[in-house]
Structure formats: C-alpha cells, structure tokens
Amino acid sequence: ALLVVAGATAADQEIHPDWMKADPAGKTVWLRMVGAADGSNGTMNFNGYGKGEMTVTVPLGWRVKIDFENKGLAALPHSLVIINEIAPLPIEDGTAAFPRALTIRLVEGLLAGEKDSLEFVANKEGRFLFFCGVTGHGVAGMWDYLVVSKDATAPTVRVVARPGPARKEREN
C-alpha cells in the first residue's frame, strides 16, 4: 500500500531502505539511523537526509526501535531526539515527544563511532521531527520527519527525489 504523506509532491518517492525492518505481526519497526552518514548538508544529516528531505511514517501504536550511530568526523558529535514539530526550532536539546525517544548526551552528543539505542511506542498521531539536539545542529538542518498515522498499515519511507549516485546508494 502506497502511503502519500500530507505535503508530498511529485518529486517525492517512496524508498525501501535496508536500514528499516518491520514486523507487522509484532507491530514493531526497527530503524538504523546514522548521524552524518555522508557529507550531505555539511554532514548535518540522518542517513544522508536533512532539512526534512526524509519522512518515515509508522502506524499508530507501533513500537519504534532505533539504533543510532554517529559516523561523522571524530570532533563532531551528534544526537537524536524525536520532538514535536515546532517553529522556531530549538537551538539545542529538545523535549522528547514520546517517553525514551532520545539518545544519551543529547546536547553533548555522541562522538564518531559511538552508538546508542532508543525505543518508544508511537502512541499519538501527528508529525514529529527526528532532531539532533547538539547545539546548532538542528537549526542547521539536521532534522527530518516522523509521521505517526492511524491510517498507515505498515512503515514507509519517503524522500525528496534527487538525482545523483550518492543519493541512489543511500536509497538501496
């Protein structure tokens, strides 16, 4: 089933990344989120996407398990928190929209090669942000969308379609 996210355009495309696994019977989705996956947006990205280029949609009530790793430069920390969609974006930190929906050292961040896991139940509908809580990172574009939908029957990922070999590699 193709889920069209509100605000999606013809330039958006659904992808089936290897960093997402779903168990429909167990109502669980696993995401492997990488901070600074590549040089996109000056390394301010999750899995190569920033500034809202990626939207992950999960069904309401599903358990979301995220393994986060900073693959950036040694001196550049990153973190992850799921926050409510707000404007203006916070300069740092961010209040988790769901209990336990954040990595350790949210403001200080994890250094290159460090990992953390988070797990929460997507128990309220809406559009939220994957957000880096390190000072200045989120406002520099290190954020993407998480949509929790009562109409979704399975997790999906939509991205802003852009040509180029680096982008294509991230989608497979």
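Here the structure is shown first, and the text comes after it.
Residues numbered from 1 in each chain as written. Predicted model: local features only at pLDDT ≥ 70, side-chain atom pairs only at ≥ 80, totals over all residues. Heavy atoms only, no water.

## Points about the overall build of the chain
Each helix and strand in the chain was counted, giving 1 helix and 10 strands. Start at the N end of the chain and walk to the C end: the helices and strands fall as β-β-β-β-β-β-β-β-β-β-α. Buried positions account for 49% of the 172 residues belonging to the chain. When contacts within the chain are restricted to residue pairs at least 6 apart in sequence, those whose partners lie at least 24 apart make up 72%. (Helix = DSSP H or I, 4+ residues; strand = E, 2+ residues; numbered from the N terminus. Buried < 20%, exposed > 50% of the residue type's maximum accessible area, 1.4 Å probe, protein only. Contact = heavy atoms within 4.5 Å.)

## Some remarks on the sheet that holds strand S9 (residues 143–149)
If you trace the 6 strands from one edge of the open sheet to the other, you get S1-S10-S4-S9-S8-S6, paired in mixed fashion. The outermost strands of the open sheet, each flanked by one partner alone, are strand S1 (12–15) and strand S6 (81–84). Taking the axes of each pair of neighbouring strands and ignoring which way they run, one obtains an average angle of 30° across the sheet. Alignment of strand S4 (residues 54–59) against strand S10 (residues 156–160), held across 4 bridges, turns out to be antiparallel. Looking at S10, one finds that Thr55 is bridged to Arg158. (Pairing = 2+ DSSP bridges. Axes fitted to C-alpha atoms, helices over the stretch in contact; angles between N-to-C directions.)

## Some thoughts on unusual backbone geometry
Residue Pro88 follows Ala87 across a cis peptide bond; omega there is -5°. Structurally, the position occupied by Pro88 is in the loop between S6 and strand S7 (115–121). For Ala36, which is not glycine, the phi dihedral falls at a positive 60°. Backbone geometry places Asp93, a non-glycine residue, at a positive phi of 70°. In this structure, Asp93 sits in the loop between S6 and S7.

## What to know about the sheet that holds S7
In spatial order, the strands read S2-S3-S5-S7; together these 4 strands make up an open sheet with mixed pairing. Each having just a single partner strand, strand S2 (20–23) and S7 make up the two edges of the open sheet. The sheet shows a mean angle of 15° between the axes of neighbouring strands, taken without regard to direction. Alignment of strand S3 (residues 28–35) against strand S5 (residues 63–70), held across 8 bridges, turns out to be parallel. Its bridge partner lying in S5, Gly35 is registered against Asn70.

## Comments concerning the environment of Asp18
Within the secondary structure, Asp18 is located in the loop between S1 and S2. Sequence spacing of Asp18 and Leu31 is 13 residues, and the spatial spacing of their C-alpha atoms is 9.1 Å.

## A few points about the packing of aromatic side chains
In total, this model carries 4 aromatic pairs according to the counting rule given. For the pair Phe98 and Phe120, a centre-to-centre distance of 4.9 Å together with 20° between the ring planes defines the contact as stacked. Separated by 22 residues along the polypeptide, Phe98 in the loop between S6 and S7 and Phe120 in strand S7 bring together distant segments of the chain. Phe120 carries the same exposure label as Phe98, and that label is buried. Sitting over the ring of Phe98, Lys124 keeps its end group 5.4 Å from the ring centre. (Phe/Tyr/Trp six-rings, centres within 6.5 Å; stacked < 30°, edge-to-face > 60°. Lys NZ or Arg CZ within 6 Å of the ring centre and 35° of its normal.)

## Observations concerning the nonpolar core
Residues Leu31, Met33, Ile66, Phe120 and Phe130 are the most contacted members of the largest nonpolar core, which totals 34 residues. For this core, the secondary-structure elements that each account for two or more residues are S3, S4, S5, S7, strand S8 (126–131), S9 and S10. With residues near it in sequence (within four places) discarded, Ile66 still touches Leu31, Met33, Leu80, Ile82, Asp116, Ser117, Leu118, Phe120 and Phe130. With 7 residues, the next largest nonpolar core counts Leu106, Phe131, Trp143 and Tyr145 among its residues. (Core = buried A, V, L, I, M, F, W, Y, C linked by side-chain atoms within 4.5 Å.)

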